Structures are given as structure tokens and as C-alpha cells.
Amino acid sequence: MADTDPNKSYVALLGWSLRAIAGVAKFNRKYVVIAPAWAEQYAKENDIPFIAWDFERLNERSWEIAKMLQDEGVEVAVPLYEETVEWAGAINAVLQNKPRLLSQAMLFRDKALMKRRAQLAGIRVGIFEEAHDKIDVVRFLKRVNQTLLKLDGDPNDPIHFKAFDKAGCLGHRVIRTVDDVENISDDEFPALLESHLDGWEFACEVFIHNRKIRFLNISEYVHLGYSVFIPASPKLEAYREQITREIEKLIDAFDIDYGLIHPEYFIANDGVMYFGEVAYRVPGGNAFELIERAYGFNAYQGQVLCMDPKATDEEIEAFFPKEVVEAKGHAGCFLVYPRRRVVSEMQIPEETENDPYFEYHDLAPPLEQKVSKRAAFGNHWGTCYFFGPDADRMKEVLLEQEERDFYT
């Protein structure tokens, strides 16, 4: 563990992540990990400061974790996963005596409230509504297509059905016909309904301190759910000034003083930007690992740094590099899904292994032969990592992986 600075905040990491723990253990902040009891033995064996807590259980004793951390001397709670965002808001509301932090966290967790807050602030969003049953979904599908002047026999424009509070694409369905609605189970309601936005979708990782953007990474999706790389291509980076202005609107709309946000946007064909959604936690898709490979700094440390009100401008400026120009190259990753229904072994394709951009993978041999049906983007079997100097070649490399079998 690194030497800690007594002038910096004592932080609590909410959720179990070995990568986050490894990063923060080498940082100059005192820390403690708050995670389920199953991680306690590992924490003891590896001298990790630890307090057991069940984040799935909400009851009249839930406030005790805030009091426990306050008595411990903790000053900031840092959420690592979607499921701990509200817990962090509630705990920080107590630790920092700022009640609105709980309400703010609830906005980040409820996609319908999130959209409404953005819309009230004048941020461009698509059409959206809440759905409580299948009838609401059918009505919304018909209303959207009526608005688009679709005639009988014309194919419908799709709508999107999303869970209120799940991370990424979990609980996300694309609805094109009334028959698609019948496949929705009753336990998926209530949900958010959205019109489809055509355009170039991308994500950002934004490190904020004292309401200022301290580092803005733009992650370019090559194929959503499969591949991404950073920094973005020059074509997407050309929108950086416009993207920065939109994120500043988001900071004002959600009253964000400190922390990390992970917003997603669409750029329409006319260059207009539309807000998709925003998360207040570590992004998926291995973005933090790609940031470290491209820029050399540990993004978990950056998240802790930006959530610490005691961090100084000098410390922050020394920590973060200059976007794009100080990147060492483009770092990308490809999420691997078996292309066959039955597999027996893992094998890295020769073309992948011999590609100059390929670096390493974390794939493992299959534990079972039958491949389960894919659910959203949450059950990939591993990741291949790539690095190189040219954005266009990186795109080609990542797209090439989709035609290859990693499990045979």
C-alpha cells in the first residue's frame, strides 16, 4: 500500500473490483472496500481494508452503513457499479451533509427521471415515455409511427424498451411490431420507452472536479456491444468542442460538483447532438483499461481524485495528461462471443495473434460445450486487446475479429 496523505479524503470503494482496489492501493488516499461478505476472506488474506455489506438488501437498517463509515472517519463514498450509485448518494449525503446528493443519485439511476431532467435543462433528447404494461408499449409504437407519417403497410420505425435502472444494455429490447411486444414478460415493467435515434453513437468518460471538466475521453464504438477504441478517430474528435459544450450543460443540469460520469450521445446526420443517457460510475466495455493503455494514468485513481473535495487544482493538473495529443496510440478491445451453438475449445485465430495491433486476451477454455443464448451485452466470454498508432487501421482490425472463431 502506498503512503497516504492525511490532508486528502479517506475514501470508501462501494463494490468489489480487484482492478479498482489495485489502483487505489497504490494511490495516496486512505481507503476501505465495502463489498458483500463473500469477499471478506480474500480481503483478510491480502490485507485489504474491508467492511462487509449487502447492497441488495434494503430495509430499515440501511442507514447504518453511513453511520458506520462516518464513525470510521470516511469522507467520500465512491460507486464502482450501477447497483451502488444510490448507496453512494445516500452515504455521501450523510458524510458531506449534503442531502441533495441522494436525490441526484436517484436521477442517475432512473432513466425516465434522467431524461426528464435533461429535457427540462434544454438538452436534446428523443421522444420518451414510461410504460407500465404492454398496452402502453403498443400505444407508444403506434403514436411514434403516426407522428412519422407512416402509412398502412409501411415498415414501422423501431422503438426502444429499456429497464429503468440496469447498467448498459441489460433489459434493452428493440420493438418493431406488435408481435415483438408479446415477447415482453410482465416482470420487465415498469420500463422506459424511447424513439429510435439514427446517428453516430459514442460514449464519454468525464472526470469532473469543482464543476470543471478535468479530463474528457471520447470512446468510439466500432460496433456497439462488440468493439470500442480510444482516443476516438480524428473524424469524431473534430466534434470535441461541441461535445464539451453538451457535457457542460449536463454538469449544470445534474448539479455535478465532483466525480466521474459516463454519458452516451448520438450525432445525427445534420450534426445535431442528442443525449442518450448518463451513468455516475465506472463505465463498462473495459474503458478504464483502455484509458490506462492509451494515456498511462490509472482511471480508478482519477475517479477517486475527482470525487475528493480536498484535491487541489495543482494535483489534478499534474495527474491528467492532455487529451489526444498526449496519447501514446489508440487502444481498443473486442468482446468475444462464441459464433457456434456448441464449442469444445478456445483457440486464438492465427490472423489475430499475428496482427501487429494485437496485444493480449483474457479468454479461457469453455466450462461447458453448449453456448447459452446471448442476453444484451452482458455475457461475452472474454476480451481481446489491441494497440496501434492509426485509428482507421484500429477500426479495420476490430471489425475483422467479428468474422473469426475464437471458440471451436
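The present account deals with the structure reproduced in this document. (Residues numbered from 1 in each chain as written. Predicted model: local features only at pLDDT ≥ 70, side-chain atom pairs only at ≥ 80, totals over all residues. Heavy atoms only, no water.)

## Brief notes about the overall build of the chain
If you tally the helices and strands in the chain, you get 15 helices and 16 strands. The C-alpha atoms of the chain give a radius of gyration of 22 Å, which matches the 22 Å a tight globule of 408 residues would have. Along the first, second and third principal axes, the C-alpha set of the chain runs to 70 × 50 × 45 Å. Counting across all 408 residues of the chain, residues that qualify as buried make up 52%. Taking the intrachain contacts of the chain between residues at least 6 apart in sequence as the baseline, contacts between residues at least 24 apart amount to 65%. (Helix = DSSP H or I, 4+ residues; strand = E, 2+ residues; numbered from the N terminus. Rg over C-alpha atoms; globule rule 2.2 N^0.38 Å. Buried < 20%, exposed > 50% of the residue type's maximum accessible area, 1.4 Å probe, protein only. Contact = heavy atoms within 4.5 Å.)

## Regarding the packing of aromatic side chains
Here a ring pair, both rings aromatic, is described through the centre-centre distance and the interplanar angle of the planes. Inspection of every chain in the model, using the stated rule, returns 26 aromatic pairs. Here the aromatic rings of phenylalanine 207 and phenylalanine 297 are separated by 6.1 Å at their centres, their planes lie at 75 degrees, and the arrangement is edge-to-face. Of the two residues, phenylalanine 207 is situated in strand S9 (residues 200-209) and phenylalanine 297 in the loop between helix H11 (287-295) and helix H12 (299-307); the sequence distance between them amounts to 90 residues. Neither residue differs from the other here; phenylalanine 207 and phenylalanine 297 are each classed as buried. What links up through ring pairs into an aromatic cluster is the set Phe27, Phe207, Phe215, Phe288, Tyr295, Phe297, Tyr300, Phe319 and Phe320. Lysine 235 extends its terminal NZ or CZ atom over the ring of tryptophan 200, reaching a point 5.5 Å from the ring centre. (Phe/Tyr/Trp six-rings, centres within 6.5 Å; stacked < 30°, edge-to-face > 60°. Lys NZ or Arg CZ within 6 Å of the ring centre and 35° of its normal.)

## Concerning the sheet that holds S9
Read across the open sheet, the 8 strands follow the order S13-S12-S9-S10-S11-S14-S16-S15; overall the sheet is antiparallel. Each edge of the open sheet is held by one strand with a lone partner, namely strand S13 (273-279) and strand S15 (358-361). Averaged over all pairs of adjacent strands, the angle between their axes in this sheet comes to 25 degrees, without regard to strand direction. Relative to strand S11 (residues 227-230), strand S10 (residues 212-223) is paired through 3 bridges, and the arrangement is antiparallel. Across the sheet, glutamate 220 pairs through a bridge with phenylalanine 229, a residue of S11. (Pairing = 2+ DSSP bridges. Axes fitted to C-alpha atoms, helices over the stretch in contact; angles between N-to-C directions.)

## A few points about the nonpolar core
The biggest cluster of nonpolar side chains holds 79 residues, and the ones touching the most others in it are Leu13 and Phe207. In this structure, leucine 13 is in contact with Ala20, Ile21, Val24, Tyr31, Val32, Val33, Ile34, Val78, Leu80 and Val304, ignoring residues within four places of it in sequence. (Core = buried A, V, L, I, M, F, W, Y, C linked by side-chain atoms within 4.5 Å.)

## Topic: the sheet that holds strand S5 (residues 128-131)
An order of S5-S8-S6-S7 is seen for the 4 strands of this open sheet, with the pairing classed as antiparallel. Each of the sheet's edge strands pairs with one partner strand only, and the pair in question is S5 and strand S7 (173-175). Averaged over all adjacent pairs, the angle separating strand axes in this sheet is 30 degrees, with direction ignored. Here S5 runs beside strand S8 (residues 191-195); their pairing, made up of 4 bridges, is antiparallel. By the bridge assignment, phenylalanine 128 is partnered in S8 with glutamate 194. Where helix H6 (residues 111-120) meets the sheet, its contacts fall on S5, strand S6 (159-163) and S8, and the angle it forms with S5 comes to roughly 155 degrees.

## Some words on empty space enclosed by the protein
Under the definition given, this model contains 1 cavity of 30 Å³ or more. Roughly 200 Å³ of internal volume is contained in the largest cavity. For the lining of the largest cavity, the elements supplying multiple residues, two or more each, are helix H4 (85-95) and helix H5 (100-109). Top contributing element to the lining of the largest cavity by residue count: H5, with 5 residues. (1 Å grid on protein atoms, 1.4 Å probe; cavity = no way out; pocket = protein on both sides within 12 Å on 5 of 7 lines; lining within 4 Å. Points joined across faces, edges and corners; volume = space filled by probe spheres on them.)

## So, helix H3 (residues 64-72)
Of all the positions in H3, only Ile65, Ala66 and Leu69 are classed as buried. Viewed along the axis of H3, the buried residues span an arc of 100 degrees, placing them on a single side of the element. (Arc of directions from axis to C-beta.)

## Comments concerning the layout of surface pockets
The volume enclosed by the second largest pocket comes to roughly 630 Å³. In terms of lining, the second largest pocket is formed by 23 residues, of which the most central are Phe55, Leu58, Glu83, Glu86 and Trp87. Those elements that place two or more of their residues in the lining of the second largest pocket are H3, H4 and H5. The element that contributes the greatest number of residues to the lining of the second largest pocket is H4, accounting for 5 residues. Looking at side-chain class alone, the lining of the second largest pocket contains 15 nonpolar, 3 polar and 5 charged residues. (Nonpolar A, V, L, I, M, F, W, Y, C, P; charged D, E, K, R; others polar.)

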